[in-house]
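# Coordinate analysis (summary)
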Amino acid sequence: MKITIFGTGYVGLVTGACLADVGHNVLCMDVDQGKIEKLKNGQIPIYEPGLENIVKHTVEAGRLSFTTDSAEAVRHGTLQFIAVGTPPDEDGSADLQYVTAVARSIGEHMEDYKVVVDKSTVPVGTGDKVRAAVRAQLDRRGLELDFDVVSNPEFLKEGAAINDFMKPDRIVVGTDSERAAELLREVYYPFNRNHDRMIFMDLRSAELTKYAANSMLATKISFMNEIANLAERLGADIEAVRRGIGSDPRIGYHFIYPGCGYGGSCFPKDVQALARTASDCGYEARLLNAVESVNYAQKHVLFDKISHYFGGDLNGKVVALWGLAFKPNTDDMREASSRTLMEDLWKAGARVQAFDPEAMEETQRIYGDQEGLTLCGTKEQALKGADVLAICTEWKEFRSPDFESIAATIREPVVFDGRNLYEPEMLDRYGLIYYAIGRGRTQFHSE
Ligand SMILES: NC(=O)c1ccc[n+]([C@@H]2O[C@H](COP(=O)([O-])OP(=O)(O)OC[C@H]3O[C@@H](n4cnc5c(N)ncnc54)[C@H](O)[C@@H]3O)[C@@H](O)[C@H]2O)c1
Ligand SMILES: O=c1ccn([C@@H]2O[C@H](COP(=O)(O)OP(=O)(O)O[C@H]3O[C@H](CO)[C@@H](O)[C@H](O)[C@H]3O)[C@@H](O)[C@H]2O)c(=O)[nH]1
């Protein structure tokens, strides 16, 4: 089937590449000329495991191509997927300017029936706005062409995006059009051969499903972080508690890892946007607001521990920082907890020597020549001349480090772990003091 994708970010490029991989003929359009140039030259603008290979072979097979020309893009596909950004506005609501810009250009250039499929995460009611934007352009052109608008939210996780897309738990489709539903069924047929993963519903419910899913996951994390903070004060160990509750299938082991807060381009903005939607319709989303405020505080917890250790005076101290990306297997630093920690440390007069396996370029792009930041080529280099070590991302290569050499290199024998990677006894053997999140009597707190 001929498919057009607007936006070649994490969602657009993964969707385009995976749909081309199963045999569809996909044209990806982006307004960012630099990105499209790179893609045309075989370069992938983001780090996402497995993506480069799929893009390479589907381009070679002639099933995936790229353009900046919106007229060509609209002409190409019967299905027009919107996968552009919906960043937060100043008031926390989702900024829909990129989504409506795509809708306008579809209305401006379409010549026959199209299904406009929204994959971006958008507030309930956006489908109506997309329909109105397409219709306004058709009216302007004096045309009465048929089209449908569908919500098909995306649930992929960065770092595992290909697997999530290829083996989805569910494919949510919101539409009241039988014709559009049949076309969507055809597009996703290869993902449904052994097990029907399609869940059809009305458009508004599909839009809300996406926010509800992310908010539920964020709630689990904030809940665990709250219990972790409590465990610390009560002399309990959150890791034991996590195993103890996760074993109940009604709770489950997923998304109950405590840490230095959730980040990324989705949870923070989506929880805020849903809370904003609630207040816009006169409902105070108390739980969502609490999830957000627990997370805000949690992002400062590692700094509080480091500051407490040094008696509140961090001036001139050097912190080795392992992990900058908001999670492993990505170079994405949007809303990363590492950024909160670094910014807190700089404010307090400390210096940071940072290393991340994939996010060094991104850190350079964001912080450039920031005073107090040294970017290091390896995790070992980051330790040289540092007072203490802090960890913000659970990359595999941080899981079994050479504790003996850490103890011999950093000035104070202390590790502040924001992702609970180790057992306190492991570090104790090397004379290292271990401060993690919610780990009982090995911790301290400021009260
Ligand atoms: N990143 C994720 O893991 C993820 C997962 C599920 C859903 N989402 C949602 O999907 C949407 C896209 O997220 P993303 O992370 O891929 O964003 P992104 O910022 O990585 O990419 C968006 C792309 O859209 C392009 N764009 C902007 N205006 C355009 C236009 N008029 N025409 C064509 N292209 C245009 C931008 O240049 C950019 O390349 C968001 O709503 C997000 O909330 C993201
Ligand atoms: O038990 C956990 C699990 C995750 N996190 C943190 O939560 C954040 C988000 O992690 P994750 O959900 O793995 O990454 P995303 O790529 O942001 O994916 C989320 O956001 C996407 C965009 O909407 C959705 O499509 C996905 O289903 C949803 O998991 C990261 O900072 C993690 O460190 C925790 O602190 N504890």
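As named in an unreviewed UniProt entry, the protein is UDP-glucose 6-dehydrogenase, taken from Marinobacter adhaerens. Quoted straight from UniProt, the Sequence similarities (unreviewed entry) entry for the protein says "Belongs to the UDP-glucose/GDP-mannose dehydrogenase family." According to the UniProt record, the Pathway (unreviewed entry) comment for the protein reads "Nucleotide-sugar biosynthesis; UDP-alpha-D-glucuronate biosynthesis; UDP-alpha-D-glucuronate from UDP-alpha-D-glucose: step 1/1."

A word on the pairing of strand β7 (residues 171-174). Here β7 shows no split at all, with I171 and V173 on one side and V172 and G174 on the other all buried. With helix α8 (residues 178-187) bridging β7 and its parallel neighbour strand β8 (residues 198-201), the resulting β-α-β unit is right-handed.

As a further point, take α8. For α8, the full list of buried residues reads A180, A181, L183, L184 and V187. Projected down its long axis, α8 shows its buried positions confined to an angular sector of 165°, all on one face. Regarding α8, its N-cap is S177, as a side-chain oxygen of that residue lies 3.3 Å from the backbone nitrogen of R179 further along.

Across the interface, helix α1 (residues 10-21) lies against helix α3 (residues 51-60) with an axial gap of 9 Å and an inter-helix angle of 55°. Comparing their axes, α3 and α1 come out oblique. Crossing hand, α1 versus α3: left-handed. On α3, the residues touching L13, V14, A17, A20 and D21 of α1 are L51, I54, V55, H57 and T58.

What follows is about the site of ligand 2. Taken together, 19 residues form the shell around ligand 2, and within it F155, L156, K210, N214 and C266 come nearest. Take G263: an N or O atom from its main chain is 2.9 Å from an oxygen atom of ligand 2. Burial of ligand 2 by the surrounding chains reaches 91%, relative to a free accessible area of 700 Å². Within the residue set of the shell around ligand 2, elements represented by two or more residues are α9 (203-234) and α11 (267-280). Broken down by element, the shell around ligand 2 gets its largest block of residues, three residues, from α9. When its residues are assigned to classes, the shell around ligand 2 shows ten nonpolar, two polar and seven charged. If you count residues domain by domain, the shell around ligand 2 takes at least three from each of domain 1 (2-201) and domain 2 (216-435).

Right, let's get into the site of ligand 1. Around ligand 1 sit 25 residues, and of these V11, D30, K35, T86 and K269 come closest. Within the backbone of G7, a nitrogen or oxygen atom sits 3.4 Å from a nitrogen atom of ligand 1. K35 has a polar side-chain atom sitting 2.6 Å from an oxygen atom of ligand 1. Contributing elements (two or more residues each) for the shell around ligand 1: α1 and α5 (97-109). Residue composition of the shell around ligand 1, by class: ten nonpolar, seven polar and eight charged.

Cut-offs applied
- Residues numbered from 1 in each chain as written.
- Chains lettered and ligands numbered in written order.
- Predicted model: local features only at pLDDT ≥ 70, side-chain atom pairs only at ≥ 80, totals over all residues.
- Heavy atoms only, no water.
- UniProt positions renumbered as here; feature names shortened; annotations may be inferred.
- Buried < 20%, exposed > 50% of the residue type's maximum accessible area, 1.4 Å probe, protein only.
- Helix = DSSP H or I, 4+ residues; strand = E, 2+ residues; numbered from the N terminus.
- Right-handed = clockwise from strand over helix to strand, strands pointing away.
- Arc of directions from axis to C-beta.
- Polar contact = N/O pair within 3.5 Å; in protein donor to acceptor, adjacent residues only side chain to side chain.
- Axes fitted to C-alpha atoms, helices over the stretch in contact; angles between N-to-C directions.
- Parallel < 35°, antiparallel > 145°, perpendicular 65-115°, else oblique.
- Left-handed = near helix turned anticlockwise from the far one by under 90°.
- Contact = heavy atoms within 4.5 Å.
- Near = heavy atom within 4 Å.
- Areas by Shrake-Rupley, 256 points an atom, 1.4 Å probe, with all protein chains shown as cover.
- Nonpolar A, V, L, I, M, F, W, Y, C, P; charged D, E, K, R; others polar.
- Domains from an automatic or database assignment.

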